[in-house]
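# Structure at a glance
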Amino acid sequence: MRILLVSQMYPGPDAPDLGVFVAQLERALRERGHELELAVLDSRGGGKRRYATLAARTLQAARRFRPEVVYAHFLVPSGLLAAVAGRAPLVVTAHGRDVRNVGSIRGVATATRATVRRASAVIAVSEYLRRELEAKVPEARGKTQVIDSGVDVERFAVEPAPEGGPHFLCVGALSGRKNVLRLADAFERLGEGTLTFVGDGPLRRRLEARAGVELVPGLPHDEIPARIARAHVVAQPSLIEPFGQAVLEAMACGRSVVATRVGGPPEFVPADAGALVDPLDLDAVAHGLRTAAALPCPNPAAREAAERHDVREQARRVEEVLERAAAERA
């Protein structure tokens, strides 16, 4: 198929970690023999004006490429822009923030309903997100299915356990939603090991100078597997995770995880792969760290669970949705 991929997030020279889940799925679709044209934003700068740039790129690509199907990531604005750029069938994936914005930002609900009505099919990255979307946007009922972003199990390979420890790792923004302060407090209760945060954000200063805590600026996605290999446990007790990409990547590396009960992680983290915790309960987070640290490293149960979400299999499932959409027009 000729597929026009539209996304407001895509890795670029100045933002190599931006939308890596979009790029890995794109590569997997190309490997399956499809021809893809991109209309994407690959930097974080530009404010809201950058969406005008995305609109122009989408319109130009649709006219030049004449896609058989358009595949957009995020309901608004990417999905909305894709919806009005041409007449080709539209499939759009909801990732989380786009659904949370419905009802909280003026005009987003109306724009989302228009996108969903125009779409031949909607994909949600977790059952949790599907339920939230259908509750907020009834038009999504009956046309939404769950296909997560997947993980490249070849790139995220199992490595031997590091020496010493226990070594804990958290990957992501140093923000309130990522629950990093409560994680650091829970780590203090253990009285042993190290905790490394990879990322940056507004709470960085409140994490500095804590005993056993290391702060590493955000890394290119290509460097994340090596960083995971230096840990025994990856801890992501976020207040909410619509899916939980970092958790899945850690499991693919054979690392036990501490993940939030709120959102997507309960759908793919079995008990023998780590601990699911109430992110608001400090005692629960601390107990989760102890539980995960006591599991084997590498953890074969974590790897086995992650393999069921190989990006190549997820691309095959997305391909089926795209083919059905393209056939409707034919």
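Scroll up a little and you will see the structure.
What you see is a predicted model; the values in this text were computed from it and never measured. (Residues numbered from 1 in each chain as written. Predicted model: local features only at pLDDT ≥ 70, side-chain atom pairs only at ≥ 80, totals over all residues. Heavy atoms only, no water.)

## Looking at the pairing of strand β3 (residues 69-73)
Most of β3 is tucked away, with five of its five residues classed as buried. Residues Val69, Tyr71 and His73 line one face of β3 and the alternating positions Val70 and Ala72 line the opposite face, and both faces are buried. For β3 and strand β4 (residues 90-94), the ladder comprises four bridges, and the chain directions are parallel. In the sheet register, His73 faces β4, and the bridge partner there is Thr93. (Buried < 20%, exposed > 50% of the residue type's maximum accessible area, 1.4 Å probe, protein only. Helix = DSSP H or I, 4+ residues; strand = E, 2+ residues; numbered from the N terminus. Pairing = 2+ DSSP bridges.)

## Brief notes about the sheet that holds strand β6 (residues 144-146)
Across the sheet, which stays open at both edges, the six strands sit in the order β2-β1-β3-β4-β5-β6 with parallel pairing between neighbours. The open sheet is flanked by β2 (35-40) and β6, the only strands paired with a single partner. Along the sheet, successive strands turn relative to each other by an average axial angle of 20°, direction set aside. Packing against the sheet, helix α6 (residues 127-136) makes contact with β4, β5 (121-124) and β6, and its axis sits at approximately 160° to β6. (Axes fitted to C-alpha atoms, helices over the stretch in contact; angles between N-to-C directions. Contact = heavy atoms within 4.5 Å.)

## Some words on the environment of Val311
By the secondary structure assignment, Val311 is in helix α13 (residues 311-329). According to the relative accessible area criterion, Val311 is buried, its value standing at 3%. Along the sequence, Val311 and Gly150 sit 161 residues apart, while their C-alpha atoms lie 4.3 Å from each other.

## What to know about helix α5 (residues 108-118)
If you check which residues of α5 are buried, you get Val108, Ala109, Ala111, Thr112, Thr115 and Val116. Projected down its long axis, α5 carries its buried residues within an arc of 160°, all on one side. Turned more than 90 degrees away from the buried face of α5 sit Thr110 and Arg117, all of them exposed. On the buried face of α5, the contacting elements are α3 (75-85), β4 and β5. (Arc of directions from axis to C-beta.)

## Section: the packing of aromatic side chains
One pass over the full model with this rule turns up three aromatic pairs. A centroid spacing of 6.1 Å and a plane angle of 70° characterise the contact between Phe168 and Phe187, whose relative ring orientation is edge-to-face. Separated by 19 residues along the polypeptide, Phe168 in strand β7 (residues 167-171) and Phe187 in helix α7 (residues 180-190) bring together distant segments of the chain. Overall, the relative accessible area of 2% leaves Phe168 in the buried class. (Phe/Tyr/Trp six-rings, centres within 6.5 Å; stacked < 30°, edge-to-face > 60°.)

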